[in-house]
Amino acid sequence: MPPLTTPKSGDALFASVERVQNAELFTLTYGAIVRQLLTDLEEVEEVNKQLDQMGYNIGTRLVDEFLAKSNVSNCADFKETADTIAKLGFKMFLGVTATVTNWDAEGTTCSFVLEDNPLVDFVELPDTCQGLQYCNVLSGVIRGALEMVSMKTEVTWVRDMLRGDDAYEMRVKLTKQVPEEYPYKDDD
């Protein structure tokens, strides 16, 4: 039996990820993408959908890197999964941690609260973009990553500091736990 490995801490994961580009370049590049989408699509709601879809595509791939580098084994339930994302996932990829709060009675809905968000450095939303969910790429990343580990979710933004709130808060609702299916049957 192979020895059990313990999951790395969020700080250890963040330190182990190679930093090819600095945070400011990432922030400015993301801002340029959002600006170009606003120019191309013209409708703020369409930009929100596109950012979510981009995030979803990123999340479906990012989960593999996370699982490979974090040594995290299967989480027992949605609560443990949310805690792992908040403490390890956000730290590994964004350098920040999130707080998991506001659980419902069934344990299927919670909030990720970010005090700091590196995507919004240097950002001010003009009046014409008040409906823009600037960080919608993050909700897509969460949705895509969770879908790859058999959890269908709905992710919505509840609070946004770009709109004057005191923090960034994403509401995550588990809509379906998809049972794992194997392509073949083991013979006994």
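Computed from a predicted model, the values in this text were never measured in an experiment. (Residues numbered from 1 in each chain as written. Predicted model: local features only at pLDDT ≥ 70, side-chain atom pairs only at ≥ 80, totals over all residues. Heavy atoms only, no water.)

Student: What is the right way to read the nonpolar core from this model?
Tutor: One recurring pattern in soluble globular proteins: nonpolar side chains tend to sit buried together. Of all hydrophobic cores here, the largest spans 39 residues; its most connected members are F90, F112, L132, Y134, L138 and I142. Elements represented by at least two residues in this core include exactly α2 (23-41), α3 (44-70), α4 (78-94), β2 (109-114), α5 (136-148), β3 (151-159) and β4 (168-177). The element that contributes the greatest number of residues to this core is α4, accounting for six residues. Filtering out sequence-adjacent residues up to four positions away, F90 remains in contact with I85, G95, V96, T97, A98, F112, L114, I142 and M170. (Core = buried A, V, L, I, M, F, W, Y, C linked by side-chain atoms within 4.5 Å. Buried < 20%, exposed > 50% of the residue type's maximum accessible area, 1.4 Å probe, protein only. Helix = DSSP H or I, 4+ residues; strand = E, 2+ residues; numbered from the N terminus. Contact = heavy atoms within 4.5 Å.)

Student: What am I meant to see in the pattern of salt bridges here?
Tutor: Side chains carrying opposite charge are able to pair once their charged atoms draw close together. One pass over the full model with this rule turns up seven salt bridges. Between E169 and R159 there is a salt bridge, with the nearest N and O atoms lying 2.7 Å from each other. In this pair, E169 sits in strand β4 while R159 sits in strand β3, placing the two residues ten residues apart along the sequence. For E169, a relative accessible area of 7% puts it in the buried group. A single salt-bridge network, built from bridges that share partners, covers R159, D166 and E169. (Salt bridge = Lys/Arg side-chain N within 4 Å of Asp/Glu carboxyl O.)

Student: Is there a simple way to explain the pairing of β2 in this structure?
Tutor: Two faces, one strand: in a regular strand the side chains alternate between the faces of the sheet. Across the six residues of β2, six count as buried, placing the element largely inside the fold. Every second residue of β2 is oriented toward a common face, with T109, S111 and V113 on one face and C110, F112 and L114 on the other, all of them buried. Inspection of the sheet shows strand β1 (residues 99-101) paired to β2 by three bridges, in the antiparallel sense. Opposite T99, over in β2, you have V113 as the bridge partner. Where β2 lies against β4, six bridges are found, and the strand directions are antiparallel. Counterpart to F112 in the pairing with β4 is M170. (Pairing = 2+ DSSP bridges.)

Student: Got a minute to help me understand the packing of aromatic side chains in this structure?
Tutor: Any two aromatic rings considered together are summarised by their centre-to-centre distance and by the angle between their planes. All told, the structure shown has three aromatic pairs when counted by the stated rule. Between Y30 and Y134, the aromatic rings sit 5.3 Å apart at their centres with planes inclined by 85°, giving edge-to-face as the arrangement. Of the two residues, Y30 is situated in helix α2 and Y134 in the loop between β2 and α5; the sequence distance between them amounts to 104 residues. The buried category is assigned to Y134, whose relative accessible area is 4%. One cation-aromatic arrangement involves K79 over W103; the distance from NZ or CZ to the ring centre is 5.4 Å. (Phe/Tyr/Trp six-rings, centres within 6.5 Å; stacked < 30°, edge-to-face > 60°. Lys NZ or Arg CZ within 6 Å of the ring centre and 35° of its normal.)

Student: It is not clear to me how a negative patch on the surface should be interpreted in this structure. Could you clarify?
Tutor: Together, E24, E115, D116 and D121 make up a negatively charged patch on the protein surface. Relative to the helices and strands, E115 is located in the loop between β2 and α5. On the accessibility criterion, E115 (56% relative accessible area) is exposed. (Patch = residues over 30% accessible without salt bridge, like charges linked within 9 Å, V, L, I, M, F, W, Y side chains within 5 Å. Areas by Shrake-Rupley, 256 points an atom, 1.4 Å probe, with all protein chains shown as cover. Lys, Arg positive; Asp, Glu negative; His and termini not counted. Charge placed at Lys NZ, Arg CZ, Asp CG, Glu CD.)

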